[in-house]
Amino acid sequence: MKQITPKNMTYFFLIYLSVAIIWNLFDHEAPIQDSQYTMIGLWGLGYVTSYLKMPDISFYGIYFVLWMVIERQTGGYYDWTSWIIFALVAVLMTWITNLVRVTYASRYDKPKKKDQKNESLK
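Residues numbered from 1 in each chain as written. Predicted model: local features only at pLDDT ≥ 70, side-chain atom pairs only at ≥ 80, totals over all residues. Heavy atoms only, no water.

Some details on a nonpolar patch on the surface
Short version of the rule: Here a patch means residues that are over 30% exposed by relative accessible area and free of salt bridges, tied together within 9 Å if like-charged and within 5 Å if nonpolar (Val, Leu, Ile, Met, Phe, Trp, Tyr). Accessible surface area values rest on a Shrake-Rupley calculation with a 1.4 Å probe, where residue burial reflects the displayed protein chains alone. One side-chain nitrogen of Lys or Arg within 4 Å of one carboxyl oxygen of Asp or Glu is enough to make a salt bridge. A run of DSSP states H or I qualifies as a helix once it reaches four residues; a run of E qualifies as a strand once it reaches two. Both are numbered from the N-terminal end.
On the surface, Ile4, Ile57, Tyr60, Leu92, Trp95 and Leu99 cluster together into a nonpolar patch covering about 600 Å² of accessible area. Top element by residues in the nonpolar patch is helix H4 (residues 80-105). It accounts for three residues. Structurally, the position occupied by Leu99 is in helix H4.

This is the structure in structure tokens:
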């Protein structure tokens, strides 16, 4: 299986948002709607937290609580089964957000290229 690169992930998010905005404009609706805001939030949260150096379990806890609160606020509470659905969606969103974070954090694991000009001056 091909590894996901930060560059390809960024292209995917930009293409997804562009197609969704164009689709919404053809339907005479608002350019950015709920699913696009969720995708922007997911990408932004994963990208910003890729700069942090913390254990993975901390990110899973933070993401789960955050997505659980968001799901509770945007979804309606009907009975105890709503909490099960909220938890399942929060687990899925946590996994996707952590995938984004790990993908962008992989940039820092690679060795930096040496500068040829500065190397020749020494």
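Some thoughts on unusual backbone geometry
Test applied: Accessible area is worked out with a 1.4 Å probe on protein chains only. A residue is then buried under 20% of its type maximum, exposed over 50%, and partly exposed in between.
Here His28, not a glycine, exhibits a phi torsion of approximately 55°, which is positive. Positionally, His28 belongs in the loop between helix H1 (6-26) and helix H2 (34-49). For His28, a relative accessible area of 76% corresponds to the exposed category.

Remarks on the packing of H1 against H4
Stated formally: Axes here mean lines fitted to C-alpha atoms, for a helix over just the part in contact, with angles spanning 0 to 180 degrees between N-to-C directions. Oblique is the label for any angle not covered by the other classes, which are roughly parallel (under 35 degrees), roughly antiparallel (over 145) and roughly perpendicular (65 to 115). Contact definition: two residues touch when any of their heavy atoms are within 4.5 Å. Each residue gets one of three labels, nonpolar for Ala, Val, Leu, Ile, Met, Phe, Trp, Tyr, Cys and Pro, charged for Asp, Glu, Lys and Arg, and polar for the others, Gly among them.
Where H1 contacts H4, the two axes come as close as 9 Å, and the packing angle between them is 135°. Here H4 runs oblique to H1, going by the angle between their axes. Touching Pro6, Met9, Thr10 and Phe13 of H1 are Leu99, Val100, Thr103 and Tyr104, all from H4. Looking at the contact of H1 with H4 residue by residue, the classes come out as six nonpolar, two polar and no charged.

Description of the packing of helix H3 (residues 56-74) against H4
Here is the rule we go by: Each crossing is labelled by how the near helix is turned from the far one, with a counterclockwise turn of less than a right angle marking it left-handed and a clockwise turn marking it right-handed.
Taken N-terminus to C-terminus, the directions of H3 and H4 make an angle of 135°; their axes are 8 Å apart at the nearest point. Taken together, H3 and H4 sit at an angle that is classed as oblique. Crossing geometry of H3 relative to H4 is assigned as right-handed. For the pair H3 and H4, contact is made by Asp56, Phe59, Tyr60, Tyr63, Phe64, Trp67, Met68, Glu71 and Arg72 and by Trp83, Phe86, Ala87, Val89, Ala90, Val91, Met93, Thr94, Thr97, Asn98 and Arg101, respectively. Its residues assigned to classes, the contact of H3 with H4 comprises 13 nonpolar, three polar and four charged.

What to know about H4
Threshold: Between the first and last residue of a helix there are one fewer steps than residues, each counted as 1.5 Å, and that sum is the expected span.
Between its first and last C-alpha atoms H4 spans 37 Å; for 26 residues at 1.5 Å apiece the expected length is 38 Å, and the two agree. Those residues of H4 lying buried are Ser82, Phe86, Ala90, Met93, Thr94, Thr97, Asn98, Val100, Arg101, Thr103, Tyr104 and Ala105. Buried positions along H4 lie against H1, H2 and H3.

Comments concerning the confidence of the model for the protein
Note the following rule: Each residue gets a pLDDT score, which is the predictor's confidence in that residue and runs from 0 to 100.
For the protein, the mean per-residue pLDDT works out to 85, and 88% of the residues sit at or above 70. Mean pLDDT across the elements of the protein ranges from a minimum in helix H5 (residues 116-121), with 57, to a maximum in H1, with 91.

Here we look at the packing of aromatic side chains
Worth spelling out the cut-off: For this analysis, a ring pair means two rings from Phe, Tyr or Trp (six-membered ring only for Trp) whose centres lie within 6.5 Å, classed as stacked if their planes differ by under 30 degrees, edge-to-face if by over 60, and tilted for the remaining angles. When the NZ atom of lysine or the CZ atom of arginine is within 6 Å of a ring's centre and also within 35 degrees of its normal, the charge is said to sit over that ring.
Counted under the stated rule, the structure contains nine aromatic pairs. Arranged with centres 5.5 Å apart and planes meeting at 90°, the rings of Tyr47 and Tyr51 form a pair that is edge-to-face. Accessibility expressed as a relative area gives 24% for Tyr47, which makes it partly exposed. Here the aromatic residues Phe12, Phe13, Tyr16, Trp43, Tyr47, Tyr51 and Tyr104 are joined through ring pairs into a cluster of three or more. Lying across the ring of Phe59, Arg101 places its NZ or CZ 4.0 Å from the centre.

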